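Residue-level listing of the chains:
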Amino acid sequence: LDRLGHASFANTLDLGCGEGVLTNAVSALSQRTLAFDISSLAIERARSRFPGIDFQQGELLEAVKRPDVCAIPFDLILASEVLYYLQTDEERHDAIAGIARLGAPACVYYFSVIVTGASKNRRYFTHDEFVGLLSKHFNIIDGFASVAEVPTPLDLFLRLVPARGTRQRVLRAWTSSRETAGSRHMGYLAVKRGVDSPPH
């Protein structure tokens, strides 16, 4: 949100919105927001918490192919903490390619993923792997530590802070202090790569 500054968007799409917390924050920058999640329970909760947003139940690989979705000229598309749920390389490539087919020519894309590689039960991305995957369709304009979890002492402290603004400032300071090289979560802002634009 800090990086988007004072931007405004006509149409925002959030793929893998969960219960809609990030969707709601970003919707303040957008005239219309459409959001999908595979979990009907998450969508039910999102709808009850944020009734002004169009939340729909749907799987990412199907949502990016829907004619009604493809027809909307999105200028902001988010895929936050969702792509590593796709376990096969084919699904991951299809998801990135499908997302790249969406959006107006000047659309801004935000991706966030865990970049620890494999774990016991899930195959995450590595930073280099994800950059390589994105670079087939996008030019990455920014990569940064994107903290999705905080240390227990900081979490306990934040629970005691009554003011939402103060909590946000503390979280921003924590996030900005994180080194990209050591971050478990990375965020990437990207734009669609033109036909003649070399990957980078």
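Structure first, text after, so check above.
It should be emphasised that the depicted structure is a prediction, and the values quoted were computed from it without experimental measurement.

Peer 1: Give me the overall build of the protein chain: which residues, what numbers.
Peer 2: Assigned secondary structure in the protein chain consists of 8 helices and 7 strands. Counting over 200 residues, the protein chain shows a buried share of 44%. In the protein chain, 68% of the contacts between residues at least 6 apart in sequence involve partners at least 24 apart. In the form shown here, the protein chain has an accessible surface area of approximately 10,700 Å², with 54% of it arising from carbon and sulfur atoms.

Peer 1: Could you give an account of the nonpolar core, naming the residues involved and the relevant values?
Peer 2: Among the nonpolar cores identified, the biggest contains 38 residues, and Leu-83, Ile-99 and Phe-111 are the most heavily contacted of them. Phe-9, Val-108, Phe-144 and Leu-189 belong to the second-largest nonpolar core, a separate cluster that totals 10 residues.

Peer 1: An account of the pattern of salt bridges is requested, with residue identities and associated values reported.
Peer 2: Taken as a whole and judged by the stated rule, the model has 7 salt bridges. In this structure, the salt-bridge partner of Asp-54 is Arg-32, at a minimum N-O distance of 4.0 Å. One end of the pair, Asp-54, is in strand 3 (residues 54-57); the other, Arg-32, is in strand 2 (residues 30-37), and 22 residues separate them in sequence. Classification of Asp-54 by relative accessible area gives partly exposed; the value is 30%.

Peer 1: Please provide a residue-by-residue account of the packing of aromatic side chains, values included.
Peer 2: Following the criterion strictly, the structure yields 9 aromatic pairs and no others. Here the aromatic rings of Tyr-84 and Tyr-124 are separated by 5.1 Å at their centres, their planes lie at 75°, and the arrangement is edge-to-face. Of this pair, Tyr-84 sits in the loop between strand 4 (76-80) and helix 5 (89-101) while Tyr-124 is found in the loop between strand 5 (108-114) and helix 6 (127-135), placing the two residues 40 residues apart along the sequence. For Tyr-84, a relative accessible area of 6% corresponds to the buried category. Taking 6.3 Å as the distance between ring centres and 15° as the angle between the ring planes, the aromatic pair formed by Tyr-110 and Phe-144 counts as stacked. Taken together, the residues span a long stretch of sequence, with Tyr-110 in strand 5 and Phe-144 in strand 6 (residues 138-145) at a distance of 34 residues. Each member of the pair Tyr-110 and Phe-144 is classed as buried. An aromatic cluster of three or more residues is present, and its members are Tyr-109, Phe-111, Phe-125, Phe-130, Phe-138 and Tyr-188.

Peer 1: Mind laying out the environment of Gly-16, listing which residues take part and the relevant values?
Peer 2: Along the polypeptide, Gly-16 turns up in the loop between strand 1 (9-15) and helix 1 (21-27). For the pair formed by Gly-16 and Glu-59, sequence separation is 43 residues and the distance between their alpha carbons is 8.2 Å. If near-sequence neighbours (up to four positions away) are discounted, Gly-16 is found in contact with Phe-36, Asp-37, Ser-80 and Val-82.

Peer 1: Tell me about the side chain of Arg-92, and please be specific about residues and values.
Peer 2: For Arg-92, the position within the fold is in helix 5. With no salt bridge to any partner, buried Arg-92 finds its closest opposite charge in Glu-129, at an N-O distance of 4.3 Å.

Peer 1: Please provide a residue-by-residue account of the pairing of strand 7 (residues 185-192), values included.
Peer 2: The buried fraction of strand 7 is high, at 6 of 8 residues. Across 7 bridges, strand 5 lies against strand 7 in antiparallel orientation. Bridge pairing links Phe-111 to Tyr-188 in strand 7. Sheet topology places strand 6 next to strand 7; 7 bridges connect them, and they run antiparallel. Bridging across to strand 7, Phe-138 finds its partner in Lys-192.

Parameters and conventions
Residues numbered from 1 in each chain as written. Predicted model: local features only at pLDDT ≥ 70, side-chain atom pairs only at ≥ 80, totals over all residues. Heavy atoms only, no water. Helix = DSSP H or I, 4+ residues; strand = E, 2+ residues; numbered from the N terminus. Buried < 20%, exposed > 50% of the residue type's maximum accessible area, 1.4 Å probe, protein only. Contact = heavy atoms within 4.5 Å. Areas by Shrake-Rupley, 256 points an atom, 1.4 Å probe, with all protein chains shown as cover. Core = buried A, V, L, I, M, F, W, Y, C linked by side-chain atoms within 4.5 Å. Salt bridge = Lys/Arg side-chain N within 4 Å of Asp/Glu carboxyl O. Phe/Tyr/Trp six-rings, centres within 6.5 Å; stacked < 30°, edge-to-face > 60°. Lys, Arg positive; Asp, Glu negative; His and termini not counted. Pairing = 2+ DSSP bridges.

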